[in-house]
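# Structural characterization, general
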There are 2 protein chains.
Amino acid sequence: MPTRLKIRFKCNEGKSYSYSMASLAHGYIMEIIEPQYASLLHNLRLNPYSQYIARDKDDIVWVINTLDTRAKKEIIDKLIYNINNEAQKSVFLKKRNETLYIKEFSIIESDYKELNKILYENKSKKILKLKFITPTSFRQDNRYCIFPSVRLIFQSLMHKYDAVSVQSRVYDAQVLKSYEEQAYIEEYKLRSTLFSLEGILIPAFIGEISIKINAPTQLVNLAYMLAEFGCYAGVGIKTAVGMGAIAVIK
Amino acid sequence: MPTRLKIRFKCNEGKSYSYSMASLAHGYIMEIIEPQYASLLHNLRLNPYSQYIARDKDDIVWVINTLDTRAKKEIIDKLIYNINNEAQKSVFLKKRNETLYIKEFSIIESDYKELNKILYENKSKKILKLKFITPTSFRQDNRYCIFPSVRLIFQSLMHKYDAVSVQSRVYDAQVLKSYEEQAYIEEYKLRSTLFSLEGILIPAFIGEISIKINAPTQLVNLAYMLAEFGCYAGVGIKTAVGMGAIAVIK
């Protein structure tokens, strides 16, 4: 049950906002959730949530995605409870000593059954367009990869899917190899950037790509399903602190 | 003796100009040079010249680089002779049925000795910034590569250098491997694009990159020398018809 909480804040005058601010927003989440759940999260290899902060015209938008029922209950429900209990609806970021005032917020609840329906669609569109909304990066051989590749993207999405999926598993080395051989980045507009995390600058990229998938319908559908899942899970590293937020461009 | 002829044209009103126009300019060169030299060029694996057309503010600029003495004599000298013998200094592009009027032109003559001096400089700057001025592409395993890589760039430049160099050879598999292991693209701003060539659209990219070279001074210097050479030779495929023009950003 992927769920999305989207909070729109007014910008405070004279303040500058970057994607990196999401790491402070993450700190806020860690403060308000139950310590028991926080320590459970701490021991997981892959997080059942992702979150990021991005500019949207004159506002900033904070998006928190949870990927299973428990994360929804422990994180999103708690956030909404907190917001509704503040006299003036707001979020206080301790490390910035700044209060962000909420203009509005919305929740979208999705369903893995809906997501999995994509697998049985009769799609013929072999172009998958992705937007990397916040700085995205991959780790491979102890290096940061600041160029996307078909392999890095689908490998990451498959692992993230399997980490939260209860019934089905999608990771398969052969399928990944098929993507590598039969799909390629056909168009792109990308630039490198840095994501600041606790004083460390993480090399990353941002922008848009089109992936052409010259593969059987099954694999095209799986790619679309993984991409739609990726809109909740994010892709690549540090998706819990604001990196790797993606959108499927329709 | 790398030589550069730079011709600045007025744009004709109501006409649009793209990088792909350089393939027509190439046709013009082939018409005016001696048939004997044209057929000699035809049989070479790598051309001793490169040329491209790019917009520069309100004008278009045509740059023709020759890489050896003969190409300079047969191409650049012939072009200048032709231009000076036209009543009104111009170039007629048959396939577009368009006359381009020349505002000004200039020649820069370089020297391989000067270029090779870079090899013995005491440089410590380990960042090499390159601009891909016109659509650039590489071929590998029968595929177009529309992302640059350290390997693809230096491999191409080494082969081009060796094709025109009389005394020294620079291609070395071990050196190329060192670049691959010790240098990486640290920053970039790139987008894919298409280069139209005789009705075929060639996938390519355009933009800027910074290469960080964590290698001994010798290899840093060689990289700089190859990049400066690349400003004349171009990089990647189809540099004779307008692709792969580069500049070193100082």
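See above for the structure.
To keep things clear, this report deals only with the structure shown in the data block. No experiment lies behind these values; they were computed from the predicted model shown.

### Here we look at the relation of the copies chain B and chain A
- Of the transformation superimposing chain B on chain A, the axial component is 0.0 Å and the angular component is 180°, with the fit at an RMSD of 0.0 Å. One copy is carried onto the other by what is essentially a two-fold rotation axis. In terms of C-alpha distance to the rotation axis, chain B has Leu190(B) as its closest residue, with the C-alpha 2.8 Å off the axis.
- By residue overlap, the copies meet face to face through one surface: 100% of the interface positions of chain B are interface positions in chain A.

### Digging into the environment of Gly230(B)
Residue and element names in this part refer to chain B.
- For Gly-230, the position within the fold is in helix H7 (residues 217–233).
- In sequence terms Gly-230 and Ser-50 are 180 residues apart; their C-alpha atoms lie 9.9 Å from each other.
- Gly-230 has contacts with Leu-157 and Ile-246, leaving out every residue within four places of it along the chain.

### Some details on the nonpolar core
- Judged by nonpolar contacts, the single largest core of 94 residues is most densely connected at Ile211(A) and Ile211(B).
- In contact with Ile211(A), not counting residues within four places along its chain, are Lys126(A), Ile127(A), Leu128(A), Leu130(A), Val150(A), Ile153(A), Phe154(A), Ala183(A), Tyr184(A) and Ile185(A).

### Focus on the sheet that holds strand S1 (residues 3–10) of chain B
Residues and elements named next belong to chain B.
- Strand order in the open sheet formed by five strands is S2-S3-S1-S5-S4, and the pairing between neighbours is antiparallel. At either end of the open sheet lies a strand with only one pairing partner, and these are strand S2 (49–56) and strand S4 (90–93). Strand-to-strand twist across the sheet, computed as the mean angle between neighbouring axes with direction ignored, equals 30°.
- In terms of strand pairing, S4 meets strand S5 (residues 98–109) through four bridges, oriented antiparallel. Bridging from a neighbouring strand, Val-91 pairs with Leu-100 of S5.
- Running at roughly 145° to strand S3 (residues 59–66), helix H3 (residues 69–85) makes contact with S1, S2, S3 and S5 of the sheet.

### A word on the packing of helix H5 (residues 150–164) of chain B against H7(B)
All names here are of chain B.
- Closest axis-to-axis distance for the H5/H7 pair is 9 Å, and the angle between their directions is 70°. Our classification of the angle between H5 and H7 gives roughly perpendicular. Residues Phe-154, Leu-157, Met-158, Lys-160, Tyr-161 and Val-164 of H5 pack against Leu-222, Ala-223, Met-225, Leu-226, Ala-227, Phe-229, Gly-230 and Ala-233 of H7.
- Class assignment of the residues belonging to the contact of H5 with H7 gives a composition of 12 nonpolar, one polar and one charged.

### Examining helix H2 (residues 35–42) of chain A
Residues and elements named next belong to chain A.
- Within H2 the residues assigned to the buried category are Tyr-37, Ala-38 and Leu-41. All buried residues of H2 lie within an arc of 105° about the axis, which places them on one face of the element. Opposite its buried face, H2 presents the exposed residues Pro-35, Gln-36 and His-42, each directed more than 90 degrees away.
- In the core, the buried residues of H2 are packed alongside helix H1 (22–32), strand S2 (49–56) and helix H3 (69–85).

Basis of the calculations
Residues numbered from 1 in each chain as written. Chains lettered and ligands numbered in written order. Predicted model: local features only at pLDDT ≥ 70, side-chain atom pairs only at ≥ 80, totals over all residues. Heavy atoms only, no water. Least-squares fit on C-alpha atoms with pLDDT ≥ 70 in both. Contact = heavy atoms within 4.5 Å. Helix = DSSP H or I, 4+ residues; strand = E, 2+ residues; numbered from the N terminus. Core = buried A, V, L, I, M, F, W, Y, C linked by side-chain atoms within 4.5 Å. Buried < 20%, exposed > 50% of the residue type's maximum accessible area, 1.4 Å probe, protein only. Pairing = 2+ DSSP bridges. Axes fitted to C-alpha atoms, helices over the stretch in contact; angles between N-to-C directions. Parallel < 35°, antiparallel > 145°, perpendicular 65-115°, else oblique. Nonpolar A, V, L, I, M, F, W, Y, C, P; charged D, E, K, R; others polar. Arc of directions from axis to C-beta.

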